[in-house]
Amino acid sequence: MNALVEPLLRNSPSQLSATATTPRRRDARGRFAGAGGSAQRRERVLFVASEMADFIKAGGLGDVAASLPRALRSGCDVRVLIPGYPAVLERLPHLQPVGVIAPRAGLPECVLACTEQGDGLPIYVLLNAALFEREGSPYVDEQGAEWPDNALRFATLAHAAAEIAAGHGDLEWSPQLLHLNDWPGALAAAYVRWNGTDVSTLLTIHNLAYQGLFPSALAPVLGVPAAHAHELDFHGRLSFLRGGIVHATRLNTVSLRYAEQITDERDGCGLHGLLAQRAERGHLSGIVNGIDESWDPRSDHHLRAHFSADQISGRAENARSVRETFRLHPGTGPLFAVVSRLVHQKGIDITCEVAPQIIAAGGQLVIIGGGEPAVEQQVRELAQRYPGQVGAWIGFEERLARQMFAGADFLLMPSRFEPCGLSQMYAQRFGCLPIAHATGGLVDTVDDGVTGFLFEQATADGMRRCVERAMRTWRLPVLLKAMRRAAMLRPSGWKLAGGRYLDLYRQAIGAAA
Ligand code: ADP
Ligand code: GLC
């Protein structure tokens, strides 16, 4: 297994920690420094994101939107388009309006502004106070309820991308390819086609389970031509994702295994037939995500103590600090962690079922996450039942999450399905071994018995046996050390994925030519 001999971080080219960048200005006409000259000769790509970790993040998509464009910059002229949420506007005080996006049917006019991040990454921000300037996550309000106007909000984002692709909006720049992500951007592929614009589109499916489903009566408001409304139809509702799947020049998802799984009825969320057709024509591929180089236990400023694959002792200090934060008793057994959205997909109920056995065997468990109220409640009850042995924190806290990866022995990920998963890669990089259901990207990134542990059935029994295996390994220090080392040295940077995306961009652009 070559993971055992790969040098740490060899494949980690992404430039800067996303959060460490400060915005730069561009010239008065909205042109970006470096956008001329050689940049003009490279593929021009607009990366359309509904979240980006520089500003706001609801899950792994935010991480990918921050890392992937940066990993691509040496190969193409890539720019990001993101809605002007308050978190974006606060961090980008030097935004300058550079264009106007015309209304379409019931979609309102928007202003387009732009800036450059400190590392030079160009960002376009779509401004419309009524649609985007509200607190909460990009998708839900502070109570966790979906924003009632999400169809309008993200159709407006998609329409703006299609307008920029058509050369409208006064930008003096237009992309050859729109890189769309998940349902919030997917409709752009359809608008481009309906408008007759000669631009390629790539739709990356990060999670097929979220389709952007809305009442079909909204079609005229969203500017869906009557003759084309059936292209979005999903059992009587409009599916934004379906529109993207039908119309994008190319489709990909975020792991090889998930790319196979979504063409099958079991994991295809009702879209498997369509996806299988596109796969047969060679239009659907899988590219495993990477993680950026801010995830480095030798230098991460969030950690209590630094460590490396060769000098691991700092992990103990992080473990002590995590136990203290979660008010656990000082422990001598293994520490298990969950860092996750608390939703059905992630199998948290399975973890809760297995937890008593972990405690009985001398382990302790710490959980951080937020999401569905019922799952949050289940987690709270577990912590109340085992004070001093199980700790839970409902919320989103990057520093603590990083400390947990750096201090825990094992990360639990019994996801029912997992398109890619980033948490397991962060854990590996920090020497915390994933115990994961063998599905999707978890299969592509966890080598069973080498860089973590896999189990075949997403059931408490399946997971229990796997936890027992992990516990036995924990008692064998030489094996444990070798596995930790293998996990930490596993190449998981963006270089490989970045190269594959560039190939795919060229393929998609070529397909339209
Ligand atoms: P998903 O996108 O399905 O939520 P991923 O594993 O791809 O799953 O990405 C989740 C991201 O969110 C990772 O960066 C993970 O570390 C982070 N994360 C999840 N929950 C929390 C939390 N409560 N606090 C901090 N980070 C979290
Ligand atoms: C989605 C998936 C997750 C993936 C992430 C980034 O949120 O649930 O598996 O890692 O997108 O691609």
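Reference entry: report on the structure contained in this document. (Residues numbered from 1 in each chain as written. Chains lettered and ligands numbered in written order. Predicted model: local features only at pLDDT ≥ 70, side-chain atom pairs only at ≥ 80, totals over all residues. Heavy atoms only, no water.)

## Overview of the overall build of the chain
Secondary structure summary: the chain contains 18 helices and 18 strands in total. Relative to the globule expectation of 24 Å for 513 residues, the C-alpha radius of gyration of the chain, 23 Å, shows essentially globular dimensions. Look at the contacts in the chain between residues 6 or more apart in sequence, and 72% of them connect residues 24 or more apart. Summing over all exposed atoms, the chain offers an accessible surface of approximately 19,500 Å²; the carbon and sulfur share of this is 51%. (Helix = DSSP H or I, 4+ residues; strand = E, 2+ residues; numbered from the N terminus. Rg over C-alpha atoms; globule rule 2.2 N^0.38 Å. Contact = heavy atoms within 4.5 Å. Areas by Shrake-Rupley, 256 points an atom, 1.4 Å probe, with all protein chains shown as cover.)

## Overview of the pattern of salt bridges
Going through the model one piece at a time under the given rule, you end up with 19 salt bridges. One salt bridge connects E324 with R320, and the closest N-O pair in it is separated by 2.7 Å. Taken together, the residues span about one helical turn, with E324 and R320 both in helix 10 (residues 314-325) at a distance of four residues. Taken together, the salt bridges that share partners define one network made up of K57, D63, D300, E398 and R402. (Salt bridge = Lys/Arg side-chain N within 4 Å of Asp/Glu carboxyl O.)

## Details of the sheet that holds strand 14 (residues 364-371)
Remark on secondary structure: sheet strands pair via backbone hydrogen bonds, oriented parallel or antiparallel. The strand order across the open sheet formed by six strands is 15-14-13-16-17-18, and the pairing between neighbours is parallel. The outermost strands of the open sheet, each flanked by one partner alone, are strand 15 (390-394) and strand 18 (453-455). Neighbour to neighbour, the strand axes of the sheet diverge by 20° on average, direction disregarded. Bridge analysis of strand 16 (residues 410-413) against strand 17 (residues 433-437) gives four bridges, and the strand direction is parallel. Each residue of the ladder has a partner; that of M413, found in strand 17, is A436. (Pairing = 2+ DSSP bridges. Axes fitted to C-alpha atoms, helices over the stretch in contact; angles between N-to-C directions.)

## Section: the site of ligand 1
Near ligand 1 lie 20 residues; those nearest to it are G60, D63, R341, K346 and G395. Measuring from an oxygen atom of ligand 1, one finds a backbone N or O atom of S423 at 3.2 Å. For ligand 1, whose free accessible area comes to 560 Å², the fraction covered by protein is 93%. Every element with two or more residues in the shell around ligand 1 is listed here: helix 2 (60-72), strand 13 (335-342), strand 14, helix 13 (398-407) and helix 14 (423-429). Looking at the shell around ligand 1 element by element, the count peaks at three residues for strand 13. Each of domain 1 (2-21 + 44-291 + 495-512) and domain 2 (314-490) gives at least three residues to the shell around ligand 1. (Near = heavy atom within 4 Å. Polar contact = N/O pair within 3.5 Å; in protein donor to acceptor, adjacent residues only side chain to side chain. Domains from an automatic or database assignment.)

## Describing the packing of aromatic side chains
By the definition in use, this model includes 16 aromatic pairs. Geometrically, the ring pair formed by F307 and F430 is edge-to-face, given 6.4 Å between the ring centres and 80° between the ring planes. In this pair, F307 is assigned in the loop between strand 12 (284-286) and helix 10 and F430 in the loop between helix 14 and strand 17, connecting sequence segments 123 residues apart. What makes F307 buried here is its relative accessible area of 3%. Against the face of W295 rests R402, its NZ or CZ located 3.7 Å from the ring centre. (Phe/Tyr/Trp six-rings, centres within 6.5 Å; stacked < 30°, edge-to-face > 60°. Buried < 20%, exposed > 50% of the residue type's maximum accessible area, 1.4 Å probe, protein only. Lys NZ or Arg CZ within 6 Å of the ring centre and 35° of its normal.)

## Digging into the sheet that holds strand 1 (residues 44-48)
Across the sheet, nine strands lie side by side as 3-4-5-2-1-6-7-11-12; this open sheet has mixed pairing. Both edges of this open sheet fall to strand 3 (96-101) and strand 12, since each of them pairs with a single strand only. When strand polarity is set aside, the average angle formed by the axes of neighbouring strands in this sheet is 25°. The pairing of strand 4 (residues 110-116) with strand 5 (residues 122-127) spans six bridges and is classified as antiparallel. Note on strand 5: the bridge partner recorded for L112 is L126. Those strands touched by helix 7 (residues 240-247) are strand 7 (200-205) and strand 11 (250-253), and its axis lies near 130° from that of strand 7.

## Considering the nonpolar core
Grouped together as the largest cluster of nonpolar side chains are 133 residues, with contacts concentrated most on L81, I245 and Y505. Two domains share this core, each providing at least three of its residues, namely domain 1 (2-21 + 44-291 + 495-512) and domain 2 (314-490). Setting aside its immediate chain neighbours within four residues, L81 contacts L46, F47, V48, A49, L112, Y124, L126, L157, A160, A161 and I164. Counting 33 residues, the second largest nonpolar core, distinct from the first, contains A355, L382, A460 and A470. (Core = buried A, V, L, I, M, F, W, Y, C linked by side-chain atoms within 4.5 Å.)

Remember that the coordinates give geometry; whether it matters functionally is a separate question.
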